[in-house]
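What the coordinates show
One letter stands for each residue in the lines below.
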Amino acid sequence: MEKGLISVDRWAKGSEAYFLSHLHSDHTNGLTSSWSHAPLFCSPVTAKLLPFKFYGFDLSLLRILHPDASHTLTLKSTVIHVTAIDACHCPGSIMLLFRGDFGCVLYTGDFRWEATCQRATNARHLLRNALHDVPVVDVVYLDNTYSNPIYDFPTRHVAAQKVIDIISSHPDHEVIIGINTLGKEDLLIEIARALQIKIWVWPERLRTMHLLGFYDIFTTDTSLTRVRAVPQYSFSIGTLESLNRMCPTIGILPSGLPWIKKSLQKNEFLSGSFLTRRYKRGKWSANSEAQSDDQIRNIGSPEKIHEYMYTVPYSDHSNYEEIEEFLKLVQPTRLKGIVASSSCYIEPMYYFGRLCRVDQQTQKLHEEQRRKESCKREIEAVRSKTSFGGDNVQTGRDRSKASKGRSSGVRLRRFSRLRRTHRGAKIQGDNCSDQE
DNA sequence: GCGATCAGCT
DNA sequence: CACAGCTGATCGC
């Protein structure tokens, strides 16, 4: 009842106000059309889209946070201040800076903090201004999806150029690009502009595009374009192989393989079993045989993963370096990851503790962890976690932290279930907890 | 019938 | 192993 004054991306009963960072499903788990616990605060764009994801939602519950103003909210028990800042993740996505009796808390939601992106530059200015009024940020709830130095990938603009290059070099092919229900609009728009073509999307997605204000670029008429954006879950190597029996078609996944640093790929993954395993897992190994070394070599650059399939490192999450820059600006006292599981999950304090303000607790934690494991061992942990089958030995601190002391013996499935339910935060009293 | 949860998939 | 997401089965209300 009294626990959890406010909830961010969490929808269980008991809070006085609820905040939605953006409309992706892993942040709306528990939110339904009939949800009505308390007012829901979100960005204008999210408010516009939400009724189409949750038909019949009680719109009188919605409260708009304008992304460039500080809002003062009078709750039942206290007054809080909140500032929304563009998170540059997907349309409508925001970070939330809270100030109140509990101190100062910054919840990043999912975010992309590109150095050269104009929107991120604007967001940086806003954040810097907002931080002027704050003595110290006590806690950052961080999008730690790629909070590991092995994640090193280019800006979205650079990745978009790669996609454009791939399409240009296949002038006689149909092109299929896998996207989700929200996000990667900018990629499609860059393609459309560069190649002077329209992009096909499915009808619901066209409606979303219209809601977002994109009227002329997208179409549901297949005869108008050779480039189609389709739901990512709906296409696979199998789909592409079928399509190629009718006409030449390539697929592009703006994501895909982990974007591990080249050195690691050369040294560990390409020579080892990493790619083999990935190949065996997917539907695209027509026979269930392991791929031969030759086949692996034919994959060539990480970009072309199959005769008809390309992946491009287009990410809506910050890479390691961007997270680092973000934390240098915010300098929080404490850090908490909002993503509990990933193949390379590392307790964020491990790499970023040094960027936090030095208080004794932080310092102690940091030193302890440094002592326990060297960087090299972390990489080892990552490698063993990417293994498929065999014994998935516990790989130390990171995993046991993430599994939160659940009964042992259950591994990946339990792990991924955790991921789906672990986003978001409850903020209460003078300490902030993840609830449960 | 609906929501919650889970299995399985990409 | 994933960004995030879909379908379908089952269970309780």
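Keep in mind it's a predicted model, so treat the numbers as computed, not measured.

Things to note about the environment of Thr-208
In this fold, Thr-208 is placed in helix 5 (residues 203–211). We classify Thr-208 as buried; its relative accessible area is 12%. Along the sequence, Thr-208 and Phe-52 sit 156 residues apart, while their C-alpha atoms lie 8.7 Å from each other. Leave out the neighbours within four places in its chain, and Thr-208 touches Leu-49, Thr-181 and Leu-182.

Focus: the packing of aromatic side chains
A full pass over the atoms with the stated rule returns 13 aromatic pairs. Considering the side-chain rings of Phe-111 and Phe-326, the 4.7 Å spacing of their centres and the 50° angle between planes classify their relative orientation as tilted. Taken together, the residues Phe-111 in the loop between strand 8 (103–107) and helix 2 (118–132) and Phe-326 in helix 10 (residues 320–330) connect sequence positions 215 residues apart. Taking relative accessible area as the criterion, Phe-111 reaches 0% and is therefore assigned buried. Ring geometry for Tyr-146 versus Tyr-151: centroids 4.6 Å apart, planes at 65°, classification edge-to-face. In terms of burial, Tyr-146 and Tyr-151 fall into one category: buried.

Describing the pattern of salt bridges
Applying the stated criterion to the full structure yields 9 salt bridges. Across the pair Asp-86 and Arg-119 runs a salt bridge whose closest N-O atoms are separated by 2.8 Å. Placement of Asp-86 in strand 6 (residues 79–86) and of Arg-119 in helix 2 is noted, with a sequence separation of 33 residues between them. Given the relative accessible area of 18%, Asp-86 is considered buried. Classification of Arg-119 as partly exposed rests on a relative accessible area of 39%. Here Glu-114 makes a salt bridge to Arg-112, at a shortest N to O gap of 3.5 Å. Counted as one network, the salt bridges with shared partners bring together Arg-112, Glu-114, Arg-156, Lys-184, Asp-316 and Glu-322.

Considerations on the pairing of strand 6
Burial analysis of strand 6 places 6 of its 8 residues in the buried class, which makes it a mostly covered element. Taken together, the 5 bridges between strand 5 (residues 70–74) and strand 6 define a ladder with antiparallel strand orientation. Across the sheet, Leu-73 pairs through a bridge with Ile-80, a residue of strand 6. Hairpin connection from strand 5 to strand 6: 4 residues lie between these consecutive antiparallel strands. Bridging between strand 6 and strand 7 (residues 94–100) involves 6 bridges; their strand directions are antiparallel. Bridge assignment links Asp-86 to a residue of strand 7, and that residue is Ile-94.

Rules and cut-offs
Residues numbered from 1 in each chain as written. Chains lettered and ligands numbered in written order. Predicted model: local features only at pLDDT ≥ 70, side-chain atom pairs only at ≥ 80, totals over all residues. Heavy atoms only, no water. Helix = DSSP H or I, 4+ residues; strand = E, 2+ residues; numbered from the N terminus. Buried < 20%, exposed > 50% of the residue type's maximum accessible area, 1.4 Å probe, protein only. Contact = heavy atoms within 4.5 Å. Phe/Tyr/Trp six-rings, centres within 6.5 Å; stacked < 30°, edge-to-face > 60°. Salt bridge = Lys/Arg side-chain N within 4 Å of Asp/Glu carboxyl O. Pairing = 2+ DSSP bridges.

Take it as geometry only, folks, not as evidence of what the structure does.
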